[in-house]
Amino acid sequence: QQPVQSPQAVILREGEDAVINCSSSKALYSVHWYRQKHGEAPVFLMILLKGGEQKGHEKISASFNEKKQQSSLYLTASQLSYSGTYFCGTGTFGNEKLTFGTGTRLTIIP
Amino acid sequence: NAGVTQTPKFQVLKTGQSMTLQCAQDMNHNSMYWYRQDPGMGLRLIYYSASEGTTDKGEVPNGYNVSRLNKREFSLRLESAAPSQTSVYFCASSWTGVETQYFGPGTRLLVL
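Residues numbered from 1 in each chain as written. Chains lettered and ligands numbered in written order. Predicted model: local features only at pLDDT ≥ 70, side-chain atom pairs only at ≥ 80, totals over all residues. Heavy atoms only, no water.

1. Brief notes about the layout of surface pockets
- When its volume is computed, the largest pocket comes out at roughly 680 Å³.
- Along the wall of the largest pocket there are 25 residues; nearest its centre are Gln36(A), His38(A), Thr85(A), Arg105(A) and Gln37(B).
- Counting residues per element, the ones that place at least two in the lining of the largest pocket are strand 9 (84–91) and strand 11 (104–109) of chain A together with strand 4 (31–38) and strand 9 (87–94) of chain B.
- Of the voids in this model, the second largest pocket is the one considered here, and its volume is about 180 Å³.
- Around the second largest pocket, the lining is made up of 14 residues, and of these Lys26(A), Asn95(A), Lys97(A), Leu98(A) and Thr99(A) lie nearest the centre.
- Residues belonging to the lining of the second largest pocket are distributed by class as follows: 3 nonpolar, 8 polar and 3 charged. (1 Å grid on protein atoms, 1.4 Å probe; cavity = no way out; pocket = protein on both sides within 12 Å on 5 of 7 lines; lining within 4 Å. Points joined across faces, edges and corners; volume = space filled by probe spheres on them. Helix = DSSP H or I, 4+ residues; strand = E, 2+ residues; numbered from the N terminus. Nonpolar A, V, L, I, M, F, W, Y, C, P; charged D, E, K, R; others polar.)

Put into structure tokens, the structure is as follows:
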């Protein structure tokens, strides 16, 4: 079963913040975040492993709440280059595959 | 270092025709994957190979077959193409299932 992402789409002005959520009905071991620009392949952003840690850098970070089986991606002071569709991919323990959400389309306008 | 490469980039088939999509990686990764991407559906796993010599079904395997030819190459075959298989196909690879997946540029397939 695919993880559920919210919102499905969001439009922001440059400089505003965004939060994208990913929820699963399964006990998660890992959450992967990818960004895909139109007509291109998905590009890796970060992985979070079981342990609830928050990872990332100054402008893009993520958290993983294993009890709630949720992850959130935080984009701070968004730039035009952040536009694209963001996907979370979830993994369960001992499983060699990821299950991807249906994506969140982020549009940044000047 | 090319990463993950896929051929062809575009293909048009008639219903019932067969074809093989090729994928190769030069990162010495153990795991390889085939996904299809349809509007509003995200990435759905067709087949994967956790290591050379092994393959397993993903979410949507019907109508497809795969071959892990060696550690570098993982091909996807459509034996009798159907319009429902019109999609963008991505190949990906990773060290293991929990590691970062690196995606190829994709193959855009249209079945008429």
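2. Concerning the nonpolar core
- Among the nonpolar cores identified, the biggest contains 20 residues, and Trp34(B), Leu76(B) and Tyr89(B) are the most heavily contacted of them.
- Looking at this core, the elements with two or more residues in it are strand 3 (19–25), strand 4, strand 5 (42–49), strand 7 (64–68), strand 8 (74–78), strand 9 and strand 11 (107–111) of chain B.
- With residues up to four places along the chain from it excluded, the contact list for Leu76(B) reads Met19(B), Thr20(B), Leu21(B), Trp34(B), Ile46(B), Tyr64(B), Asn65(B), Val66(B) and Tyr89(B).
- If you look at the next biggest cluster of nonpolar residues, it comprises 19 residues, including Val31(A), Leu48(A), Leu75(A) and Leu106(A). (Core = buried A, V, L, I, M, F, W, Y, C linked by side-chain atoms within 4.5 Å. Buried < 20%, exposed > 50% of the residue type's maximum accessible area, 1.4 Å probe, protein only. Contact = heavy atoms within 4.5 Å.)

3. Thoughts on unusual backbone geometry
- Following Ser6(A), the chain continues to Pro7(A) via a peptide bond in cis, the omega torsion being -10°.
- Mapped onto the elements, Pro7(A) comes out in the loop between strand 1 (4–6) and strand 2 (9–13).
- With an omega of -5°, the peptide bond running from Thr7(B) to Pro8(B) counts as cis.
- As for its position among the elements, Pro8(B) is in the loop between strand 1 (4–7) and strand 2 (10–13).
- Notably, Asn28(B) is not glycine yet its phi reads approximately 60°, a positive angle.

4. Focus: the environment of Gly58(B)
All names here are of chain B.
- Turning to its location among the elements, Gly 58 is positioned in the loop between strand 6 (56–57) and strand 7.
- On the basis of relative accessible area, Gly 58 is assigned to the buried category, the value being 17%.
- With 11 residues separating them along the chain, Gly 58 and Leu 69 place their C-alpha atoms 19 Å apart.
- Leaving out residues up to four positions away in the same chain, Gly 58 has contacts with Leu 45, Ile 46 and Tyr 47.

5. A few points about the interface of chain A and chain B
- With 20 residues of chain A at the interface, the matching set in chain B holds 25 residues.
- Across the interface of chain A and chain B, roughly 1,700 Å² is buried in total on both sides, 58% from carbon and sulfur atoms.
- Of all residues in chain A, the largest losses of buried area upon contact with chain B belong to Glu96(A), Lys97(A) and Phe100(A), amounting jointly to 31% of the total for that side.
- Counting every contact that joins chain A to chain B gives 0 salt bridges.
- Run the count over chain A and chain B and you get 4 residue pairs in polar contact (both at pLDDT 80 or more).
- For the side of chain A that touches chain B, the elements supplying multiple residues, two or more each, are strand 4 (30–36), strand 5 (43–49) and strand 10 (99–100) of chain A.
- Of the residues belonging to the side of chain A that touches chain B, the class tally is 9 nonpolar, 8 polar and 3 charged. (Buried area = accessible area lost by both parts, 1.4 Å probe. Salt bridge = Lys/Arg side-chain N within 4 Å of Asp/Glu carboxyl O. Polar contact = N/O pair within 3.5 Å; in protein donor to acceptor, adjacent residues only side chain to side chain.)

Remember, this is a structural readout, not a statement about activity or role.
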